[in-house]
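In case you want the letters, here they are:
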Amino acid sequence: MREPVDVRRQRILAAVQARGTARVRDLADELQVSVVTVRRDVEELTREGRLRRGHGVVRSTLPAPEVPAGGLADGDRVAVVVPERHSYLTETLHGARTVLEEAGVRLALHIAPQAAGAERPLAERALEDGARGLLLAPRWSSLAAEEADHGWLAALDVPTVLMERRPRRGSAPHVLDSVCSDHWYGAHLAVEHLVGLGHRRIVFATRDDSPTARTLRAAFAEIAGAHPLVERWAWALSAPGAGQEGPYSADETAELPALLRGTGATALVLHGDVDALMIVQRLADEAVRVPEDCSVVAYDDVVAGLATPPLTAVAPPRAEVGRVAAELLLERLRGVGGRPARRVELLPRLMVRGSTRRVDGAGGTPE
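In this report, the structure presented in the accompanying data block is examined. Source: prediction; values computed, not measured. (Residues numbered from 1 in each chain as written. Predicted model: local features only at pLDDT ≥ 70, side-chain atom pairs only at ≥ 80, totals over all residues. Heavy atoms only, no water.)

With that out of the way, let us pick up the sheet that holds strand β1 (residues 21-23). In any sheet, the strands associate via hydrogen bonds between backbone groups, in a parallel or an antiparallel arrangement. On the basis of which strands lie adjacent, the open sheet formed by 3 strands has the order β1-β3-β2 and antiparallel pairing. At either margin of the open sheet sits one strand with a lone partner, and together these are β1 and β2 (51-53). Within this sheet the neighbouring strands show an average axis-to-axis angle of 25°, counted without direction. Pairing geometry for β2 and strand β3 (residues 57-60), over 3 bridges, is antiparallel. Bridging across to β3, Arg 52 finds its partner in Arg 59. Sheet contacts for helix α2 (residues 24-31): β1 and β3; angle to β1, the most-contacted strand, approximately 75°. Of the strands in this sheet, β2 and β3 touch helix α3 (residues 35-47), which is tilted by about 120° from β2. (Pairing = 2+ DSSP bridges. Helix = DSSP H or I, 4+ residues; strand = E, 2+ residues; numbered from the N terminus. Axes fitted to C-alpha atoms, helices over the stretch in contact; angles between N-to-C directions. Contact = heavy atoms within 4.5 Å.)

If you trace the backbone, Leu 229 turns up in the loop between α8 (211-226) and β10 (232-237). Using a relative accessible area of 38% as the deciding quantity, one classes Leu 229 as partly exposed. With near-sequence residues (within four places) excluded, Leu 229 lies in contact with Val 195 and Arg 200. (Buried < 20%, exposed > 50% of the residue type's maximum accessible area, 1.4 Å probe, protein only.)

Let's shift gears to the environment of Arg 132. Tracing the backbone shows Arg 132 in the loop between α5 (119-128) and β6 (134-136). For the pair Arg 132 and Pro 159, spaced 27 residues apart in sequence, the C-alpha to C-alpha distance is 7.3 Å. Here Arg 132 is in contact with Asp 76, Arg 77, Val 158, Pro 159 and Leu 333, once residues within four sequence places are set aside. Here the side chain of Arg 132 touches Asp 76 through a polar contact of 2.6 Å, side chain to side chain. (Polar contact = N/O pair within 3.5 Å; in protein donor to acceptor, adjacent residues only side chain to side chain.)

All right, on to the packing of α2 against α3 then. Orientation of α2 relative to α3, taken along the N-to-C sense of each, is 110°, at an axis distance of 9 Å. The orientation of α2 with respect to α3, classified from their angle, is roughly perpendicular. The way α2 lies across α3 gives a crossing that is right-handed. Contact residues: Val 24, Arg 25, Leu 27 and Ala 28 in α2; Val 35, Val 38 and Arg 39 in α3. In terms of residue class, the contact of α2 with α3 is built from 5 nonpolar, no polar and 2 charged. (Parallel < 35°, antiparallel > 145°, perpendicular 65-115°, else oblique. Left-handed = near helix turned anticlockwise from the far one by under 90°. Nonpolar A, V, L, I, M, F, W, Y, C, P; charged D, E, K, R; others polar.)

With that out of the way, let us pick up the sheet that holds strand β4 (residues 77-83). Spatially, β5-β4-β6-β7-β8-β14 is the arrangement adopted by the 6 strands of the open sheet, whose pairing is parallel. Both outer strands of the open sheet, β5 (106-112) and β14 (343-346), are each paired with one neighbouring strand and no more. The average angle at which neighbouring strand axes cross in this sheet is 15°, direction not considered. In this sheet, strand β7 (residues 160-163) lies alongside β6 in parallel orientation, the contact comprising 3 bridges. Across the sheet, residue Leu 135 finds its bridge partner in β7, namely Val 161.

For the structure shown, the criterion picks out 21 salt bridges. Of the charged contacts, one joins Arg 97 and Glu 101 as a salt bridge, the two residues approaching to 2.8 Å between their closest N and O atoms. Linking Arg 97 with Glu 101, this pair stays in helix α4 (residues 90-102), spanning 4 residues, or about one helical turn. A relative accessible area of 48% means that Glu 101 is categorised as partly exposed. Here Glu 147 ties to Arg 168 by a salt bridge, and the two come within 2.6 Å at their closest N and O atoms. On the criterion of sequence distance, the pair formed by Glu 147 in helix α6 (residues 143-155) and Arg 168 in the loop between β7 and β8 (177-181) is long-range, its members being 21 residues apart. Judged by its relative accessible area of 41%, Arg 168 falls in the partly exposed class. What emerges from the salt-bridge pattern is a single network uniting Arg 8, Arg 9 and Asp 41. (Salt bridge = Lys/Arg side-chain N within 4 Å of Asp/Glu carboxyl O.)

And the structure:
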């Protein structure tokens, strides 16, 4: 005998209220009806204000029960979405995983391909599969790509934390929790280290195809431009294809050995690590010795210590970013209500190695 519509909808309502959230697909299997039927019922219950719809999931309008601080409900999981070929975030993932596993929460990793908007379908699929929260690091290779994601990020109705990403001020997703390295401070560490060794002319070579790269470029320009001991500085792309938004001037796309000669610079700051290693190799081909002729500071410190010579590097707190992001997400999942969104910044460190030394005649001994 066919179940009355009112009875079926009461069963849907009871199931969702008992769990807090449920997938439409699971409800259809449980009630032994089609997904289309459940969607129709859910639409009506939503119109009545008794349910809320998400991306393939249904949520109760009743307050979520508090979960004991000692752990979340058994079987809960969160999704992490990061770009492919992004070794910088490997330690960040490990940091997040450690915190989540200690809380008994499973982590589902999703890798976004190198295409604009690739993160959204992965996040939606994860929510349809029952993820209760999201840790996101969108690629955002350009400002346009970032702005294109603002709408769906702002519409997310599950706890979400951005890692090493911070939406522009006043944008729709500005109110999301986020954890970032303080890259301005990282740039400050690099400049102060080189100035302290007597360097007065510095070339900065960074990528220009990520939020971190754009933040670093602006930071280096601000710090070097205002520093009383920096006589001259220039900026260039660290590698072909490292920029997306151009156009760039001749200096900005110049070969670094030529730019060093043209500016009289005695020091380089290079972002990121792999590009830094390749640039040091190119300098050697041009008979520019590191650190005798040019001191080098790398930014990221993923593989900088493996170079010859080992590169002095600014090391953002990658693992700590993941740990703090996971802790913020767990707070939200545990129903810690009432607190405002948090925008956390963590300070990088400077790892001094063999690629920087005091300028001849600046006093003191080589470092």
